[in-house]
Amino acid sequence: WDMFVLAFVERLFRPTYRKDDFVLGKKLGEGAFGVVYRVSLAKNPASKKEGDLVLKKATEYGAVEIWMNERVRRACSSSCADFLYGFLENSSKKGAGYWLLWRYEGEATLSDLMLSKDFPYNVEAMILGEVQDLPKGLGRENRIIQTIMRQLLFALDGLHTTGIVHRDIKPQNIIFSEGSRTFKIIDLGAAADLRVGINYIPKEFLLDPRYAAPEQYIMSTQTPSAPSAPVATALSPVLWQMNLPDRFDIYSTGLIFLQMAFPSLRSDSNLIQFNRQLKRCEYDLVSWRKTVEPRASSELRRGFELLDLDGGIGWELLTSMVRYKARQRTSAKAALAHPYFGREGLLALSFMQ
Ligand code: ADP
Ligand code: MG
């Protein structure tokens, strides 16, 4: 009850917005389920020039996205872009649509940053706020990638602990928040809330095949028939444990790790080709490595070298994330405690060997 009262009171005192309040700016994205704009408030001329808000005009599936954002806002706000408000906009000619409003977090997604020749050094400057006067090299790159991975897994752990599986984790859905100098997750349009059973994916909706784990249709048996009437199926934590739906996101995050280590896998076409190779190896990264390493380009070899630093703990983490069976993949929380991320862990690993 406390939760409901708190949520209601909080909602009551939060500013509300209407259609006419916004001045549309640059279009930031357009998908099958909505259009995203950078916007400013009409009554606030100070914010007019650039637009310090982001508005998504979503289709009927926006209802679920609002639900997810409200829940994140209360339970794990630092995981995702700062959500302000969501409402049903009825006045448009084409029928009802949901409008969602966030704070504008910054101009770069991880995808934008990874496509730069300077990656990961361009991120180092953003995270630290200054350029370090150190020689470039694998060790320094590895530390930057480590920081990005830690931030990603931290955000993901927040979502998973809340009971939310994102299902569309990819560099395009990770935004660099200039305010907090951290990466945050965006786009909860395909997310599922397993604690209360809200889990709508329309039949025609395909998960992004570039980053989807092999079990693609996770928890589809819980899918209610209509998006406007989310069904409470009272999924118990036991069920969560049995199905481990969070490991779907872990697989996608593992592929991002892979792309950070191997520049050649950052392009769509090469990622798709990699996915085909991995499938042929029955999703076993170790056997994939065996097939490609003997005739690997120097660039590919450099990626393996990066993951092999410190006794191969990077490679160890990667292979614990990208596995065929969900139940054999690590969780976000366990990954954060992996020796890859810390000195104590490193020591522990050397004791074990
Ligand atoms: P979709 O993928 O459904 O079009 P997203 O929610 O992923 O919608 O948003 C589209 C794009 O808009 C993102 O890739 C990102 O570039 C930008 N964007 C979304 N939310 C924010 C935000 N809070 N701050 C800055 N940019 C954002
Ligand atoms: Mg998106």
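Here, the structure is the one placed above.
Presented here is a report on the structure given in the accompanying data block. Fair warning: this is a prediction, and the values are worked out from it, not measured in the lab.

**Comments concerning the nonpolar core**
So, step 1. Of all hydrophobic cores here, the largest spans 70 residues; its most connected members are Leu110, Ile148, Met149, Phe183, Phe274 and Leu285.
So, step 2. No other element matches the 10 residues that helix α5 (residues 138–162) contributes to this core.
So, step 3. Formed by 13 residues, the second largest nonpolar core is a distinct cluster that contains Tyr17, Leu41, Trp99 and Leu101.

**Here's the deal with the pattern of salt bridges**
So, step 1. Here the structure, examined in full by the defined rule, presents 18 salt bridges.
So, step 2. We note a salt bridge from Glu293 to Arg289, for which the minimum N-O separation is 3.0 Å.
So, step 3. Take Arg289: its relative accessible area is 12%, and that puts it in the buried class.
So, step 4. Overlapping salt bridges, with partners in common, bring together Asp168, Lys170, Asp208, Arg210 and Asp268 in one network.

**Things to note about the coordination of the magnesium ion (ligand 2)**
So, step 1. Only Asn173 (OD1) and Asp187 (OD) from the protein coordinate the magnesium ion (ligand 2), and they sit 2.2 Å from it. You can see Asn173 sitting in the loop between β6 (164–165) and β7 (174–177) and its partner Asp187 sitting in the loop between β8 (182–185) and β9 (192–193), a full 14 residues away along the chain.
So, step 2. Among the residues examined, Asn173 registers a relative accessible area of 6% and is labelled buried.
So, step 3. By relative accessible area, Asp187 is classed as partly exposed at 25%.

**Brief notes about helix α4 (residues 121–128)**
So, step 1. Tyr121, Asn122, Val123, Glu124 and Ile127 are the residues of α4 that are buried.
So, step 2. Where α4 is buried, its residues meet α3 (110–114), α5, β7 and β8.
So, step 3. At the exit of α4 stands Gly129, carrying a positive phi of roughly 80 degrees.

**Thoughts on the packing of aromatic side chains**
So, step 1. Tallied over the full model, the rule gives 16 aromatic pairs.
So, step 2. Considering the side-chain rings of Phe33 and Tyr61, the 5.1 Å spacing of their centres and the 70 degrees angle between planes classify their relative orientation as edge-to-face. A residue pair is termed long-range when its members are at least 10 positions apart, and Phe33 in the loop between β1 (22–31) and β2 (34–41) and Tyr61 in the loop between β3 (53–58) and α2 (62–75) qualify at 28 residues.
So, step 3. Of the residues examined, Phe33 reaches a relative accessible area of 28% and is grouped as partly exposed.
So, step 4. The exposure class assigned to Tyr61 is buried, which follows from its relative accessible area of 14%.
So, step 5. With 6.0 Å between their ring centres and 50 degrees between their planes, Phe87 and Trp99 make a pair best called tilted.

**Notes on the sheet that holds strand β5 (residues 97–103)**
So, step 1. Strand order in the open sheet formed by five strands is β1-β2-β3-β5-β4, and the pairing between neighbours is antiparallel. A strand with exactly one partner marks an edge of an open sheet, and here the two such strands are β1 and β4 (83–89). For this sheet, the mean angle separating the axes of adjacent strands, direction not counted, is 25 degrees.
So, step 2. Pairing analysis gives seven bridges linking β1 to β2, with the strands arranged antiparallel.

**Brief notes about the environment of Trp67**
So, step 1. Along the chain, the position of Trp67 falls in helix α2.
So, step 2. The exposure class of Trp67 is partly exposed, given its relative accessible area of 34%.
So, step 3. Taking the C-alpha atoms as reference, Trp67 lies 8.9 Å from Ile198; in sequence the two are 131 residues apart.
So, step 4. Trp67 has contacts with Asp193, Val196 and Ile198, leaving out every residue within four places of it along the chain.

**A closer look at the pairing of β7**
So, step 1. Of the two faces of β7, the one lined by Ile174 and Phe176 and the one lined by Ile175 and Ser177 are each fully buried.
So, step 2. By the bridge criterion, four bridges tie β7 to β8 in an arrangement that is antiparallel. Bridge assignment links Phe176 to a residue of β8, and that residue is Phe183.
So, step 3. Counting the residues that bridge the hairpin from β7 to β8 gives four residues, and of these Arg181 lies at a positive phi of roughly 55 degrees.

**Regarding the pairing of β2**
So, step 1. The buried count for β2 comes to eight of eight residues, which makes it a mostly enclosed element.
So, step 2. Covered by surrounding structure in β2 are Gly34, Val36, Arg38 and Ser40 together with Val35, Tyr37, Val39 and Leu41, the residues of both alternating faces.
So, step 3. Taking the residues between adjacent antiparallel strands as the criterion, β1 and β2 are bridged by two residues.
So, step 4. Bridge count for β2 against β3 is six bridges, and the pairing is antiparallel. Across the sheet, the residue bridging to Tyr37 is Leu55, located in β3.

The rules we used
- Residues numbered from 1 in each chain as written.
- Chains lettered and ligands numbered in written order.
- Predicted model: local features only at pLDDT ≥ 70, side-chain atom pairs only at ≥ 80, totals over all residues.
- Heavy atoms only, no water.
- Core = buried A, V, L, I, M, F, W, Y, C linked by side-chain atoms within 4.5 Å.
- Buried < 20%, exposed > 50% of the residue type's maximum accessible area, 1.4 Å probe, protein only.
- Helix = DSSP H or I, 4+ residues; strand = E, 2+ residues; numbered from the N terminus.
- Salt bridge = Lys/Arg side-chain N within 4 Å of Asp/Glu carboxyl O.
- Donors = N, O, S within 2.8 Å, 3.2 Å for Na, K, Ca; no water.
- Contact = heavy atoms within 4.5 Å.
- Phe/Tyr/Trp six-rings, centres within 6.5 Å; stacked < 30°, edge-to-face > 60°.
- Pairing = 2+ DSSP bridges.
- Axes fitted to C-alpha atoms, helices over the stretch in contact; angles between N-to-C directions.

The analysis is restricted to geometry; functional conclusions fall outside its scope.
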